[in-house]
Amino acid sequence: MRSYGLGNRKLSYLVLPFKFYAMKNQQQTTTYTICYHCGEEVTDHVHRLDDKEFCCAGCKGVYQILSENNLCNYYAYNHNPGQRFNHDTRLEYLDEQQIINQLIDYTGKDSSIITFYIPAIHCSSCIWLLEHLYKINQAIFSSRIDFIRKQVTITFSHKEISLRNLVETLIQIGYEPLISLQDVVKEHQKALDKGLILKIAVAGFLMGNVMLFSFPEYFGLSGLEKQFQVLFGWLNLAFSIPAAFYCGKDYFISAITSLKHKHVNLDTPLALIIAVLFLRTAFEIIFNTGPGFADTLTGLVFLLLMGKWLKQRTYNHISFDRDYRSYFPIAVTTLINGLEKPVSINEVKIGDRLWIRNGELLPADAILMKGDAWMDMSFVTGESEPVHKVLGEIIYAGGRQTGEAIELEVIKPVSQSYLTGLWNHDHYKNHVQKQNFNDSIAKYFSLAVFTIAFSATAYWLLQHDSHKAWSAFTAVIIVACPCVLALSTPFTLSAILSVFDKKGFYVKNTDAVEQLAKCDAIVFDKTGTLTTTRNAQVYFNGKLDDHEKKIVASLFRNSAHPLSRHILKELKTGDFFQVKNYQEMLGKGLSATINGSSVYAGSLSSNLKAVDHQPFSGVHVVIDNVYMGNFVIEQEWRPQLNVLIAQLNRSFDVQLLSGDTNKDERHLRTIFPEKNQIRFRQSPHEKLDAISALQDSGRAVMMLGDGLNDAGALKQSDFGIAITDDINNFTPGCDAILKGDSLSLLPNFIGLSKDGIKIIKASFAIATAYNFIGIFYAVQGTLYPLVAAVLMPISTVTIICFTTFATRILARRNKLFT
Amino acid sequence: MNILYFLVGCSVLMALIFLGAFIWAAKTGQNDDVYTPGIRILFDDELEEAKSEEDHFSS
C-alpha cells in the first residue's frame, strides 16, 4: 500500500483554522479537528457555529435546533454524544391512515401513544434529550425511554402534530426511528410473559408459609401445643392446593400432552410426584394420620419454577427471531395513473407499479419497466458490487437501487418472492425433533422409579401390611424426585450463558447451548464473517503526486457515495480546488473539470475509450485522459483466522460457502488447508441445500453467517451463529449472536459447552446417590416427612453449588474467565 | 396460648398483602425496565438555563 504520508495518525484535538495547515502541508504535519456533535474526525470542510466545529451540515443542524430550544445540556452529560447520520428516508407513508393505525399503540380523544425503536440510543445524553422532547414541540406531552430495549414511548397530541411531523422531529435531532415490516416493538411486548413470574411469587409465598407452620412439627410439639397441630395441618393443606393446581398446572398439562403422543418427557415424572405429594398430604391431614408432605410439595414446586425461569430467561435487547421483514420497510411508493402513492407492503398486488428511488429496497419480485437499474444485491447474494439490469429483466426482492429512480411491475406478492421463499422452505418442517439430555433420560428414570415403587408395594402387600404398602409406594415416588435433574440443566447452562455473554457471545437460550455441544461440522460464510466491515482498507495502485492528490480529493469531496467518503478519508487533504462541470453518473462514477484538468473517477465499464483495459476492479482515476491507477477498497480479514481454522480442523469438519466470486480464493487457501471444501457463487438457496446435504450425511452442522443471504442456512443448521461487529445491528434469525472480535474464541466456547454437558451428567450421578439413601428408607415404609423435607433441599443445594463451581473452574480452563 | 390463633391469622394476612403488592407491581410493568430510572434520577434540574441562553446570543 502506498501511504499518504501523514505519518502521525494520532488525533490531536487542537482546534486551529484549516487554512493554516494548507500552508504547512509541505512539512506533512497535520492536526485533526473533531466534530462537537458526533466526535468524528473532520476530514473535509469545517462547519462552524457558536465557536464549535462540526463535520457536516447534519451535525450542525442538530446543534442549532438544540441550542435554540435550550437543550445544550445534551452536550454536558457526555462528550460528543451525537451520531453522524444522513437521512434521505421518505416519510410520505406516515400520512396514510392505515399505516398510522398499524403503528400507534393507543389513540384517545386528544392524545396518542406510540413506541419507536431507535437504534441510535446509546448514552445518558440520549435519554436526557429524548425525555425533553416537549421542549422542542409543545404538542409532545411526554416521552419515556427504555434504554436497554432502545425504545421511546411518546405521548403526543395527534391534532397538533402528525405522526410524520413527529418522526421528522426525531430525525432532525439525529434519532431516526427504525420502522420496519417486522415490528420489533410489538414483538417485545408479546414476548414478555408475566405468568411465570407470578407463579414463582405465589409459590415462594406458599413455601415460606408452609415452612413456618411445619417448624413446630420438626422440633416436636409439647402437649400444650398439640391443639395447634390440626390447625397447622389444615393451613398447610390449604396452601398446597394452589401450589399443586395453580403453580404446578403446566407440569400436568405437559405430562398429559406428552402421554397422548406416547412419549415421556421430564415433566411426566414431575407431574406424578406433585400429584402423589398432594394426595398423600390431603389423605394424612384429612384422616389425621400424620403431618403430610406440604413442605416438600411447595418447596419442590418453587424450585422447579425457578429452574424453568432460568431456562426461559433470554436477552431483552437482542432479538433472535428476525426474518426478512425486519429488513423491509413498512411501505413502498406505487404509481397509480402516474401519481405517487405510498402503500403498505402487505397490500402490494401483482401488476402494481412500484417507484423505487436511490437507496430504496425492492420488496417484491418485479420486472424493470423504466429507468436505469443498478441493483445492490448484497442482501440476497452477498455480492458487494451493484449489478446492472436492463429493461424487461426480472429483479428479485431484496435488491437496493443505487442510482436514479426506477419503475417496476410486481410479478409476485411480497410473501411469495424468491427471497421470502427461504423462510417458507419445506425443509424446516421435517427437521428432527431436537431432544435434550433431560428428556432422553426421563424415560429410563421413570421406568426405574416405577419398578422400585411397585416391587416395594408388592412386597408389603405380600406381608399383608396394606398401610406400609401405600406409604412405601408414595415415599419411593416422592424421594426419587428428578427435581435435581430438572434443576441442574438450567443452572449449569445459564451459568455458561453468562460466561459467554461476558465474552461477546449471546446464545438464545439454554437449550441452544446443548445444541452447540453436539455440533461436529462448521460452515463459514465469507463476506462479513471472515472479513470485517468495520475497517475497509484503501489501496492505490499507481502514483499520485501531491498536486494530483489534491485534484482527486476535490472531486471526491462532492460525492456522498460511501466509497468516495472512504477514499477521501484516506487522502487526508485539507485543501481543495474549485470544481467545475461536476457530474455524478449514478452507479458509475464522477467527472469534473478541476484546475483546468478533466478528471474522472469510477468504474471501467463507463470509462473513456482512450484508456487501456485494466483488469482490476475498484475506483479508477483518469486525469486528462491519462490513466493514473485505481483505488482498491478491500475488506479487512479478521485477525488470527489461520490459528482459528487450524484449531477447529482438529475436531471438526470445516467448510466455506461464499456468495461472492472466487477472487479471494488464493488468499483463502492460505487459511483453509486443502482438505476443507470451499465453494463460491452460492445463492442463498444453494447454501441452504448444502447445509441439509451435510445433515443428511449424519452431521450436526454449525453455520456462521452474517447477512440475509445466509438466513436460510442459519435457520436450517443445527446451530446458527450470526456474526456482527455491532451488536445493535440487525442480524438474521439465529441461535446465537457472536461479536466479530470474539470469533477467535469460538473453539473455547464449544469446549465449554461440551464441558457443561459433562457437568450435567456428573450432577445426575450425585443426585442418584442421594436418591439411593432416600429409597433405602422409603421402601421400608418408614420415611418420615422430616427426612424427605431435609433430603430434598440438601441435594438441591449440593447440585446448585456443584454446578456453579464446576462451571467456573471449567470456564477458567477454557480461558473464558475474566 | 389462644392468642396464637390471632397471630397466625395476622401473619398470613401480612404475607398476602405483600404478595398482592408484588403481583400488582408485576402486572403494571413496574419491573419491566430496571435500568433507565437509575440514570434518569442523576439528571440535574435546569439550573443553567439562563446562562446557556446568554451564551447563545453573545456568540
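How each quantity is defined
- Residues numbered from 1 in each chain as written.
- Chains lettered and ligands numbered in written order.
- Predicted model: local features only at pLDDT ≥ 70, side-chain atom pairs only at ≥ 80, totals over all residues.
- Heavy atoms only, no water.
- Pairing = 2+ DSSP bridges.
- Helix = DSSP H or I, 4+ residues; strand = E, 2+ residues; numbered from the N terminus.
- Axes fitted to C-alpha atoms, helices over the stretch in contact; angles between N-to-C directions.
- Contact = heavy atoms within 4.5 Å.
- Phe/Tyr/Trp six-rings, centres within 6.5 Å; stacked < 30°, edge-to-face > 60°.
- Buried < 20%, exposed > 50% of the residue type's maximum accessible area, 1.4 Å probe, protein only.
- Lys NZ or Arg CZ within 6 Å of the ring centre and 35° of its normal.
- Disulfide = S-S within 2.5 Å.
- pLDDT = per-residue confidence, 0-100.

Side note on the sheet that holds strand E29 (residues 719-724) of chain A
Residues and elements named next belong to chain A.
And then number 1: Strand order across the open sheet formed by seven strands is E18-E30-E29-E28-E19-E26-E27, with mixed pairing between neighbours. In the strand order of this sheet, the two ends are held by strand E18 (505-507) and strand E27 (677-679), each with one partner. Pairs of neighbouring strands in the sheet enclose a mean axial angle of 20 degrees, with direction left out of account.
And then number 2: Note: strand E28 (residues 701-705) against E29, four bridges, orientation parallel. Across the sheet, the residue bridging to Met 703 is Gly 720, located in E29.
And then number 3: Across the face of the sheet, helix H24 (residues 746-778) comes into contact with E18, strand E19 (521-525), E28, E29 and strand E30 (736-739) while running at roughly 145 degrees to E28.

Section: the packing of aromatic side chains
And then number 1: Here the structure, examined in full by the defined rule, presents 23 aromatic pairs over all chains.
And then number 2: Taking 6.3 Å as the distance between ring centres and 55 degrees as the angle between the ring planes, the aromatic pair formed by Phe 445 of chain A and Phe 764 of chain A counts as tilted. Taken as a pair, Phe 445 of chain A in helix H14 (residues 437-462) and Phe 764 of chain A in helix H24 lie far apart in primary sequence, 319 residues in all. Neither residue differs from the other here; Phe 445 of chain A and Phe 764 of chain A are each classed as buried.
And then number 3: Ring centres of Phe 500 of chain A and Phe 505 of chain A lie 5.1 Å apart, and the angle between their planes is 55 degrees; this geometry places the pair in the tilted category.
And then number 4: Overall, Phe 505 of chain A belongs to the buried group, its relative accessible area being 0%.
And then number 5: Ring-pair connections join several aromatic residues into one group, and the members of that group are Phe 205, Phe 213, Phe 228, Phe 232 and Phe 239 of chain A together with Tyr 5 of chain B.
And then number 6: Sitting over the ring of Tyr 246 of chain A, Lys 199 of chain A keeps its end group 5.9 Å from the ring centre.
And then number 7: If you follow Lys 308 of chain A out to its NZ or CZ, it ends over the ring of Tyr 251 of chain A, 4.8 Å from the centre.

With respect to the state of the cysteines
All names here are of chain A.
And then number 1: The tally for this structure, following the rule as stated, stands at zero disulfides over all chains.
And then number 2: Cys 126 takes part in no disulfide bond, and the closest cysteine sulfur to it belongs to Cys 123, at a distance of 3.6 Å.
And then number 3: Owing to a relative accessible area of 0%, Cys 126 belongs among the buried residues under this scheme.

A short note on the confidence of the model for chain B
Residue and element names in this part refer to chain B.
And then number 1: The share of residues in chain B with pLDDT of 70 or more is 75%, and the mean pLDDT across the chain is 77.
And then number 2: Confidence, expressed as mean pLDDT per element, reaches its minimum in chain B at helix H3 (residues 49-58) with 48 and its maximum at helix H1 (residues 3-27) with 91.
And then number 3: Within the model, the stretch residues 49-59 combines pLDDT values under 50 with seven contacts to residues more than four positions away or in other chains.

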